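Each chain, letter by letter, is given below.
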Amino acid sequence: MPPFNLSSSTPATFILTGIPGMEKSHIWISIPFCSMYLASLLGNGVLLFVVRTERSLHQPMYLLLSMLAVTDLMLSTTTVPKMLALFWFSAAEISFGACLTQMFFLHFSSSAESVILLAMAFDRFVAICYPLRYAAVLTQSVIVKTGLVALLRSFCIIFPCVFLLKRLPYCGHNVIPHTYCEHMGIARLACADISVNILYGLAVPFAVIVLDVVLIAVSYVLILLALFRLPSRTAHHKAFNTCVSHVCVTFLFYFPAFFTVLTHRFGRKIPHHVHILLANLYVLFPPLLNPIVYGVRMRQIKEKVLKVLLCPTAHLLQE
């Protein structure tokens, strides 16, 4: 006799438990989480507004930066509002369809951000190694195509996860020990073999992102070689500064991502609440820090932001 009924094995809702073992601290944890989320909305919103309204910033580097801001907003907004509702109102239930939707956009935005970071590395490579060809290589048409590639590649990688989860029987198991829905967190509730989910969920996205990291690393090796050949220290310093912001943002995105994935898969001795806290910081830190890094490191962004904030009326009248 089969141990479960496959015909009625898909739950209508899942229950998110939050951070296991820290339920009594949810309200206190929500304060910094909410503050970081609001700051990321403000920072990325101001960045998008400045790039949109300042014609002098309608250049490839700043258009790619706008794409990065959009993916950051998608990454955090997909997860944080539901997380805060769980912390504040004990709104733990989420429908099966909503859970799959949240899972899809979470991984989709992460994959898209990886493509954009790779495109930004290529932008810096062309600007430093082939400055005379920069305008011909990185046209607005190329930037639009880059955005489409980011969307298409991310969709093709992540969409199969939806079907891999829908095919599984769950036998009434619907409690997810997490603050949001992610692929392996849902798959582990299934009462069937999930080896395909493990293989696909780890191998395919991980391999693609590793490829992006390798290409970014190759770009910066070539950039460093080009920097050493620059004739003057002033040119060397100026070119180096243009890369620092992107290196910081790349590190902020990939380091917590890899650390979260590796500890989630192989860190058996690490307490479960530590896994969940790291996963939460992964969706909060990059959207919060990326606009700060670019605002501090890039003179053009800093000047335009100050102009908009200090003289908003005059700025709008000029437009």
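Just above, that's the structure.
All of these numbers come straight from a predicted model, not from anything done at the bench.

Basis of the calculations
Residues numbered from 1 in each chain as written. Predicted model: local features only at pLDDT ≥ 70, side-chain atom pairs only at ≥ 80, totals over all residues. Heavy atoms only, no water. Disulfide = S-S within 2.5 Å. Helix = DSSP H or I, 4+ residues; strand = E, 2+ residues; numbered from the N terminus. Buried < 20%, exposed > 50% of the residue type's maximum accessible area, 1.4 Å probe, protein only. 1 Å grid on protein atoms, 1.4 Å probe; cavity = no way out; pocket = protein on both sides within 12 Å on 5 of 7 lines; lining within 4 Å. Points joined across faces, edges and corners; volume = space filled by probe spheres on them. Nonpolar A, V, L, I, M, F, W, Y, C, P; charged D, E, K, R; others polar. Axes fitted to C-alpha atoms, helices over the stretch in contact; angles between N-to-C directions. Parallel < 35°, antiparallel > 145°, perpendicular 65-115°, else oblique. Left-handed = near helix turned anticlockwise from the far one by under 90°. Contact = heavy atoms within 4.5 Å. Pairing = 2+ DSSP bridges. Patch = residues over 30% accessible without salt bridge, like charges linked within 9 Å, V, L, I, M, F, W, Y side chains within 5 Å. Areas by Shrake-Rupley, 256 points an atom, 1.4 Å probe, with all protein chains shown as cover. Salt bridge = Lys/Arg side-chain N within 4 Å of Asp/Glu carboxyl O. Expected span 1.5 Å × (residues − 1). Phe/Tyr/Trp six-rings, centres within 6.5 Å; stacked < 30°, edge-to-face > 60°. Lys NZ or Arg CZ within 6 Å of the ring centre and 35° of its normal.

1. Some remarks on the state of the cysteines
- Enumeration over the complete set of coordinates arrives at 2 disulfides.
- The disulfide partner of cysteine 99 is cysteine 181, and the gap between their sulfur atoms is 1.9 Å. The disulfide joining cysteine 99 to cysteine 181 has a torsion of about -115 degrees about its S-S bond and is therefore left-handed. A residue pair is termed long-range when its members are at least 10 positions apart, and cysteine 99 in helix H3 (residues 96-129) and cysteine 181 in the loop between strand S3 (175-176) and helix H6 (183-187) qualify at 82 residues.
- We classify cysteine 99 as buried; its relative accessible area is 0%.
- With relative accessibility at 0%, the residue cysteine 181 sits in the buried group.
- Covalent S-S linkage joins cysteine 171 and cysteine 191, the inter-sulfur distance amounting to 1.6 Å. An S-S torsion of about 70 degrees defines the bridge between cysteine 171 and cysteine 191 as right-handed. Note that cysteine 171 is positioned in the loop between helix H5 (140-166) and S3 and cysteine 191 in the loop between H6 and helix H7 (195-228), a separation of 20 residues in sequence.

2. Some details on empty space enclosed by the protein
- Overall, the coordinates contain 2 cavities of 30 Å³ or more when judged by the stated rule.
- If you add up the space inside the second largest cavity, you get close to 70 Å³.
- Of all the secondary-structure elements, those providing two or more residues to the lining of the second largest cavity are helix H2 (60-89), H3 and helix H8 (233-266).
- Tallied by class, residues from the lining of the second largest cavity come to 5 nonpolar, 3 polar and 2 charged.

3. Quick word on the packing of H3 against H7
- Their axes nearest at 9 Å, the elements H3 and H7 cross at an angle of 15 degrees. Between H3 and H7, the crossing angle belongs to the class labelled roughly parallel. In the crossing of H3 with H7, the sense of the turn from one axis to the other is left-handed. Taking contact as the criterion, the partners of Ser114, Val115, Leu117, Leu118, Ala121, Arg124, Phe125, Ile128 and Cys129 in H3 are, on H7, Ile209, Asp212, Leu215, Ile216, Ser219, Tyr220, Leu222, Ile223, Ala226 and Leu227.
- In terms of residue class, the contact of H3 with H7 is made up of 15 nonpolar, 2 polar and 2 charged.

4. Overview of the sheet that holds strand S2 (residues 93-95)
- An order of S2-S1-S3 is seen for the 3 strands of this open sheet, with the pairing classed as mixed. This sheet does not close on itself; its edge strands, each paired only once, are S2 and S3.
- Here strand S1 (residues 13-16) pairs with S3 via 2 bridges, running parallel. Looking at the pairing, leucine 16 lines up with isoleucine 176 of S3.

5. Considering a nonpolar patch on the surface
- Together, Val210, Val214, Val218, Val221, Leu222, Leu224, Leu225 and Phe228 line one region of the surface with nonpolar side chains, adding up to about 690 Å² of accessible area.
- Mapped onto the fold, valine 210 is located in helix H7.
- Among the residues examined, valine 210 registers a relative accessible area of 31% and is labelled partly exposed.

6. Some words on H7
- With 34 residues, H7 should reach 50 Å at 1.5 Å per residue; the first-to-last C-alpha distance of 48 Å fits that figure.
- Those residues of H7 lying buried are Asn197, Tyr200, Gly201, Pro205, Val208, Asp212, Ile216, Ser219, Tyr220, Ile223, Ala226 and Leu227.

7. With respect to the packing of aromatic side chains
- For the structure shown, the criterion picks out 17 aromatic pairs.
- These aromatic residues form a ring-pair network of at least three members: Phe104, Phe105, Phe108, Phe155, Phe159 and Phe163.
- In this structure, arginine 133 packs its charged tip against the face of tyrosine 130, placed 5.8 Å from the ring centre.

8. Some remarks on the environment of alanine 112
- Among the secondary structure elements, alanine 112 is positioned in helix H3.
- For the pair alanine 112 and leucine 148, spaced 36 residues apart in sequence, the C-alpha separation works out to 9.8 Å.
- Filtering out sequence-adjacent residues up to four positions away, alanine 112 remains in contact with Thr71, Ala150 and Ser154.

What is shown is where atoms sit, not what they do.
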